[in-house]
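# Residue-level structural notes
Listed below, chain by chain, are the residues.
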Amino acid sequence: MSVTCSGEGRALTLAVSGEVDHHGAKRIMDELECHVAAALPNMLTLDLGGVTFMDSSGIAVLLRAHRRLRELGGTLSVTGTPPQAARVLRAAGLEKLIQFN
Amino acid sequence: MIKPINEAVLTFVSRSANEGFARTSAACFAAQLDPTLDEVNDVKTAVSEAVTNSIVHAYPNSLGKITLKLRLFADNSMEITVRDWGVGIADVEQARTPLFTTGNEERSGMGFTIMESFMDAVKVRSVPGKGTTVTMRRRISRRMGAGV
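Residues numbered from 1 in each chain as written. Chains lettered and ligands numbered in written order. Predicted model: local features only at pLDDT ≥ 70, side-chain atom pairs only at ≥ 80, totals over all residues. Heavy atoms only, no water.

## Considerations on the confidence of the model for chain B
The predicted coordinates of low-pLDDT regions are not to be read in fine detail. Across chain B, the average pLDDT comes to 93, with 96% of residues at or above 70. Note on the complex model: pTM 0.93, ipTM 0.92. (pLDDT = per-residue confidence, 0-100.)

## Overview of the pattern of salt bridges
Scanning the entire structure with this criterion turns up 11 salt bridges over all chains. The closest approach of N and O atoms between Glu33 of chain A and Arg68 of chain A, which form a salt bridge, is 3.1 Å. You can see Glu33 of chain A sitting in helix 1 (residues 22-39) and its partner Arg68 of chain A sitting in helix 2 (residues 56-71), a full 35 residues away along the chain. With a shortest N-O distance of 3.5 Å, Arg137 of chain B and Glu79 of chain B are connected by a salt bridge. In this pair, Arg137 of chain B is assigned in strand 5 (residues 131-139) and Glu79 of chain B in strand 3 (residues 77-84), connecting sequence segments 58 residues apart. Judged by its relative accessible area of 27%, Arg137 of chain B is partly exposed. One salt-bridge network, held together by shared partners, links Glu33, Arg64, Arg68 and Glu71 of chain A. (Salt bridge = Lys/Arg side-chain N within 4 Å of Asp/Glu carboxyl O. Helix = DSSP H or I, 4+ residues; strand = E, 2+ residues; numbered from the N terminus. Buried < 20%, exposed > 50% of the residue type's maximum accessible area, 1.4 Å probe, protein only.)

## Description of helix 1 (residues 18-30) of chain B
All names here are of chain B. The terminal C-alpha atoms of helix 1 lie 18 Å apart, and with 13 residues this matches the ideal 18 Å at 1.5 Å per residue to within 8%. When you tally the buried positions in helix 1, you get 10 out of 13 residues, the bulk of the element. Within the span of helix 1, buried status applies to Asn18, Glu19, Gly20, Ala22, Arg23, Ser25, Ala26, Ala27, Phe29 and Ala30. (Expected span 1.5 Å × (residues − 1).)

## Some points on the packing of helix 1 of chain B against helix 2 (residues 37-58) of chain B
Residues and elements named next belong to chain B. The contact between helix 1 and helix 2 brings their axes to 8 Å, and the two run at 145°. Judged by the twist between their axes, the crossing of helix 1 over helix 2 is right-handed. For the pair helix 1 and helix 2, contact is made by Glu19, Ala22, Arg23, Ala26 and Ala27 and by Val40, Val43, Lys44, Val47, Ser48, Val51, Thr52 and Ile55, respectively. For the contact of helix 1 with helix 2, a count of residues per class yields 8 nonpolar, 2 polar and 3 charged. (Axes fitted to C-alpha atoms, helices over the stretch in contact; angles between N-to-C directions. Left-handed = near helix turned anticlockwise from the far one by under 90°. Contact = heavy atoms within 4.5 Å. Nonpolar A, V, L, I, M, F, W, Y, C, P; charged D, E, K, R; others polar.)

## Quick look at the environment of Ala15 of chain A
Residues and elements named next belong to chain A. Inspection of the secondary structure puts Ala15 in strand 2 (residues 11-20). In the structure, Ala15 is positioned 31 residues away from Leu46 in sequence and 5.9 Å away in space, judged by C-alpha atoms. Sequence-distant contacts of Ala15, that is, excluding residues within four places in its chain, are made with Ser2, Val3, Thr4 and Asp47.

## Notes on the packing of aromatic side chains
Residues and elements named next belong to chain B. Summed over the entire model, instances satisfying the criterion amount to 1 aromatic pair over all chains. With 6.1 Å between their ring centres and 85° between their planes, Phe12 and Phe21 make a pair best called edge-to-face. The buried category is assigned to Phe12, whose relative accessible area is 6%. With relative accessibility at 41%, the residue Phe21 sits in the partly exposed group. For Lys65, the ring lying beneath its charged end belongs to Trp85, and the centroid distance is 4.6 Å. Its end group placed over the ring of Phe73, Arg137 keeps NZ or CZ at 4.0 Å from the ring centre. (Phe/Tyr/Trp six-rings, centres within 6.5 Å; stacked < 30°, edge-to-face > 60°. Lys NZ or Arg CZ within 6 Å of the ring centre and 35° of its normal.)

## Side note on unusual backbone geometry
Residues and elements named next belong to chain B. Positive phi outside glycine occurs at Asp34, with the angle close to 55°. The partly exposed category is assigned to Asp34, whose relative accessible area is 29%. Here the phi dihedral of Asn76 falls at roughly 65°; this positive angle occurs in a residue that is not glycine. Relative to the assigned elements, Asn76 resides in the loop between strand 2 (65-72) and strand 3.

## Structural notes on helix 4 (residues 111-118) of chain B
Burial within helix 4 of chain B is extensive, with 6 of its 8 residues counted as buried. Looking at helix 4 of chain B, one finds that the buried residues are Gly111, Phe112, Thr113, Ile114, Met115 and Phe118 of chain B. Those residues of helix 4 of chain B hidden inside the fold are in contact with helix 2 and helix 3 (83-91) of chain A together with helix 2, helix 3 (92-95), strand 4 (121-127) and strand 5 of chain B.

## Let's talk about the sheet that holds strand 2 of chain A
Residue and element names in this part refer to chain A. The strand order 1-2-3-4-5 describes an open sheet built from 5 strands, whose pairing is mixed. At either end of the open sheet lies a strand with only one pairing partner, and these are strand 1 (2-8) and strand 5 (99-100). As defined by bridge partners, strand 4 (residues 75-79) adjoins strand 5 across 2 bridges and the pair is classed as parallel. By the bridge assignment for strand 5, Val78 is matched with Phe100. (Pairing = 2+ DSSP bridges.)

Below is the structure:
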């Protein structure tokens, strides 16, 4: 599992790779908090293109990201969601809360 | 009671590193029924949720034992049973409510919802102080040439 960061100004992109489960979720959340605190973005894109598996721990990660961006008055979007992860996120109704591209 | 055509039981310690092992093992076992990729992923996800619940909640102050029983039946269905001997669930109905969790904010409370979405049936039996057993069942579509 890895998280890589890129961006310009206050637009931040975090690319998540590997398995997003309970075992890996804490590290993802820590990296998210770290990068968001450093950049204070008004726009965060989570790129899930490299995710090989996701369970409901991924729901918690997205909800945390959504909450943080809302606190900053910014927006969250999610891109590159693979089919297995998309099925999990759809089961939770997250498309009603978060923009998926 | 209908006998399974094949079964396996895995026992492991309640370490989060075993979540991947559990779901991959279940996926490998399910392969005997020639599932589609979506069906394998549904099995992996449901197993991940059930096993994670035991790892997170069953043994709060120590490590404990979890078993994963996998059974295949002649009607091309798979039964998955995750069992622990931990603290148990005081109110199963409440635990199965979407977004309810006794965990911290790293937990979404959606584990049972995901299991129920991805499996045909989910049964939860729990006795506080004795442990929890989650049994799930999923029918795998028959395709030409499938069988064990």
